[in-house]
Amino acid sequence: MPMSTGGNPAASGPAPIFVAQPHSGTPALRVSGDGPWLVVSAAGRPSSRWHWRPERGGLALVCEGDGAPADDDLLAVAEALFAQHRDVDCLRLADDGRLGLPRWARRADDGRIALDRADFWQQPGRWAAAPPPPATAAGPATAGRHHPRRPAKPRGIVYRRHIPWLGQQLTLRALDPERDLADFHRWMNDPLVAHFWREAGELAAHRAYLDGLAADPHAIALVLSLDDRPFGYVEAYWASEDRIGPLCDAGDHDRGWHVLIGEPGLRGRPWLTAWMPSVAHYLFLDEPRTRRLVIEPRIDNDRMVRSLERCGYVFVKEIQLPHKRARLGVLDRDRFFDRCPWQWPDDPLAAPPTPTVSRPGVPMTSPASPVDPLDWQGLADFASHADGRRHDIARDGNALHLGARAGGEPTRWHLDDATPALAAVTDAPVSEAGLLAALEAAFSFRPDWREIDVRLRTPAPDWCRRAGVLLDAGAGRLRASRELLFQQPRLWLPDAGPCMPPQQRLDAGRRHPRRPPKPCGVVYRRHIPWLGRDFSFRMVEPERDLPMLHRWLNDPEVARVWQEQGDLDRHRAYLDSIAADPHIYSMIASLDDQPFGYFEVYWAKENRIAPFYDAADHDRGWHVLIGEPAFRGKACATAWLTSISHYLFLDDPRTSRVVGEPRADHARQIRNLDRSGYAKVKEFDFPHKRALLVMLLRERFFADALWWPRAD
């Protein structure tokens, strides 16, 4: 049976030759496939023969003959199969006493030897040099940042892997200044590279550049080669000591990298599909404690972003570096080894950027603000619910007229587009709630404004300064930040109280903070301008809501996903169990007080999702069902999806991440979450479903104004 070039092991086609080249320096093993696998040593002598066949969840592998195959033969066959068949999670071998149990394998329930794909690709010493023993001593503080002491920089070849669709060997080796300076100098003066790196210059300048890098313990310089022909340069660094560290909450062993492809003939695909996953592979192998890789391509480098996404990187937010506006990409270790993105020519990574570099030096202006697909900014009316009271705002051109239905003096304001600014027109003192409502309206009518001057005719309320609603801009000027304003609970939470101080508890073997008592009544209310309606969350009241929830859970579309259909007693017991669990509570979503959906929000640390990622003390998550068919669809989804994230971030300012776990095949929900800023982290298995872990960062939500819907 010939080796296939896609995900189907039975597909026919030419039988390529795969070369397994252990980093340890043992001879390369050539694997050719036509029917039985044949492993041939470097000297050309047959070493062992293998049969394989597809079976549920993987491939069954049998070694022919009577002799015991060498471990390296098995490794070579496994690498060839895993590299080609990206849908195969496991290889299983009959244990006939010849193999024993290799240290990198496990015993399956049926007694066979099992090789798991994710574990296989993490073997130290096969593709990269075995990492040094982990250093436990703390290193010195660098620029005020504490970090572990870093190992000595490597020398020579640090990574080697055969690229079957090129028929070439890719290597990463430590840059040697005497050997590589001429190539580095030529590459840096290439017009395409120079445009982005801004490092064109004389030979002496480039020698000084490399000398500076050699003296910096947080970065290493590497050369990319194919069959020993250099074609690219990589700078790898420890993120916690890098300028990106404060922007990504870098862990002690997070890594990052920059790249340039110096040889024009080797830019683009299929070479991109060789070097991009290999750089990630090397960095994860080099330090087993590295949990994340970070990258920061230019915000407008769409092709590079798409290529990185195909390699598993998740883009979580936009960041401002001194020299550019960038997108922060993160690659999780578990996600990388779960996907193992070794690509073949019929399914390459997306087209590479032009040029293939990720360290541009051209400053960028701020990106365009989100464009609402429902075109609501021209509306003349708005409503705010500051301090639990409805404030109606009418707009006439740039004039705003604000009044409170439940009392309070009306005020008038003016929007100054030139500055931009919000100016009080009346001389009456401005209340805290009135100022909050006016600012919410101003930023809603002008969604492209990030900061505005605030001009008051009377002294500003002291609380507004202390809470960050108003910022001192110097020379007696006051400014308001959209990012800070939309984190003010008083605007949307009717009963915004203090957070419970931390006190750790141990429940069912899980250590977590003591949780506050469950709230009552309406917990969140917000005006949705593109619908012209008020959205709210309120706590479930079992006696009032049980018949409605019973009807919703028996709706065929809901039952297909939730699988909780049943009689009234079953649903009463369901709500009782939620009420008795301190880590979760249930809410009803309404538009203009008309209920349409049911939400469960939970503390992730105590939830079943916690073992599948590094849950922090105040991470939150949620589940949803939309019970009323008339409220399913895009318009309402833009209201509730943006609002549930907003509510959870407002409810506790220590919540920095909101997570979810939709079914991995729920394409529509995943698209909606993607538009709402949730990053796709990895797939994993619950007992009842294959799920996708999605994650929304607090910083991204408020920096990118994700309480408004995004354009498709």
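Analysis parameters
Residues numbered from 1 in each chain as written. Predicted model: local features only at pLDDT ≥ 70, side-chain atom pairs only at ≥ 80, totals over all residues. Heavy atoms only, no water. pLDDT = per-residue confidence, 0-100. Contact = heavy atoms within 4.5 Å. Phe/Tyr/Trp six-rings, centres within 6.5 Å; stacked < 30°, edge-to-face > 60°. Buried < 20%, exposed > 50% of the residue type's maximum accessible area, 1.4 Å probe, protein only. Helix = DSSP H or I, 4+ residues; strand = E, 2+ residues; numbered from the N terminus. Lys NZ or Arg CZ within 6 Å of the ring centre and 35° of its normal. Expected span 1.5 Å × (residues − 1). Lys, Arg positive; Asp, Glu negative; His and termini not counted. Salt bridge = Lys/Arg side-chain N within 4 Å of Asp/Glu carboxyl O. Polar contact = N/O pair within 3.5 Å; in protein donor to acceptor, adjacent residues only side chain to side chain. Core = buried A, V, L, I, M, F, W, Y, C linked by side-chain atoms within 4.5 Å. 1 Å grid on protein atoms, 1.4 Å probe; cavity = no way out; pocket = protein on both sides within 12 Å on 5 of 7 lines; lining within 4 Å. Points joined across faces, edges and corners; volume = space filled by probe spheres on them. Nonpolar A, V, L, I, M, F, W, Y, C, P; charged D, E, K, R; others polar.

**Some points on the confidence of the model for the chain**
Okay, step 1: Confidence in the prediction for the chain averages 83 pLDDT; 86% of positions are at 70 or higher.
Okay, step 2: Counting interchain partners and residues more than four positions distant, the pLDDT-below-50 stretch residues 1-16 has 41 contacts.
Okay, step 3: Every residue in residues 344-374 scores below 50 in pLDDT, and together they form 122 contacts with partners more than four places removed in sequence or on other chains.

**A look at the packing of aromatic side chains**
Okay, step 1: In total, this model carries 39 aromatic pairs according to the counting rule given.
Okay, step 2: On the numbers, 4.8 Å between centres and 90 degrees between planes, the contact of Phe-535 with Phe-537 is edge-to-face. The residues Phe-535 and Phe-537 share a single accessibility class, namely buried.
Okay, step 3: When the ring of Phe-596 is compared with that of Phe-631, the centres are 5.1 Å apart and the planes differ by 5 degrees; the resulting orientation is stacked. Placement of the pair is Phe-596 in strand E30 (residues 594-603) and Phe-631 in the loop between strand E31 (620-626) and helix H16 (634-651), with a sequence separation of 35 residues. There is no split in this pair, since Phe-596 and Phe-631 are both buried.
Okay, step 4: One aromatic cluster is present, built from ring pairs that chain together Tyr-524, Phe-535, Phe-537, Phe-596, Phe-599, Trp-622, Phe-631, Trp-640, Tyr-647 and Tyr-678.
Okay, step 5: The ring centre of Trp-603 lies 3.8 Å from the NZ or CZ of Arg-620, which sits over that ring.

**Section: helix H10 (residues 432-445)**
Okay, step 1: Across its 14 residues, H10 extends 20 Å between first and last C-alpha, which sits within 8% of the 20 Å expected from 1.5 Å per residue.
Okay, step 2: The buried fraction of H10 amounts to 13 of the 14 residues, a majority that puts the element mostly inside the structure.

**Details of the side chain of Glu-600**
Okay, step 1: Mapped onto the elements of the fold, Glu-600 is located in strand E30.
Okay, step 2: Buried charge Glu-600 goes without a salt bridge, the closest partner of opposite sign being Arg-608 at 7.4 Å.
Okay, step 3: A distance of 2.6 Å separates polar atoms of two side chains, one belonging to Glu-600 and the other to Tyr-574.
Okay, step 4: Look past the residues within four positions of Glu-600 in its chain and what remains in contact with it is Trp-562, Tyr-574, Ile-578, Ile-584, Tyr-585, Ser-586, Gly-621, Trp-622 and His-623.

**Description of the nonpolar core**
One broad rule of soluble globular proteins: the nonpolar side chains tend to lie buried together.
Okay, step 1: Phe-535, Phe-537, Met-587, Trp-622 and Trp-640 are the most contacted members of the largest nonpolar core, which totals 76 residues.
Okay, step 2: Discounting residues that sit within four places of it in the chain, Met-587 has contacts with Val-523, Phe-537, Arg-538, Met-539, Val-540, Gly-597, Tyr-598, Phe-599, Val-601, Ile-644 and Tyr-647.
Okay, step 3: Membership of the second largest hydrophobic core comes to 69 residues, among which are Ala-20, Leu-74, Ala-80 and Phe-120.

**Quick word on the side chain of Ser-645**
Okay, step 1: Within the element layout of this structure, Ser-645 appears in helix H16.
Okay, step 2: Not counting residues within four places of it along the chain, the set of residues in contact with Ser-645 comprises Tyr-678, Leu-696 and Phe-701.

**A few points about empty space enclosed by the protein**
Okay, step 1: If you walk through the whole model with that rule in mind, you get 2 cavities of 30 Å³ or more.
Okay, step 2: Here the largest cavity defines a volume of roughly 50 Å³.
Okay, step 3: Taken together, Phe-382, Glu-440, Ser-444, Phe-486, Trp-492, Arg-526, His-527, Pro-529, Trp-707 and Trp-708 make up the lining of the largest cavity.
Okay, step 4: Secondary structure elements with two or more residues in the lining of the largest cavity: H10 and strand E27 (522-528).
Okay, step 5: Residues belonging to the lining of the largest cavity are distributed by class as follows: 6 nonpolar, 2 polar and 2 charged.

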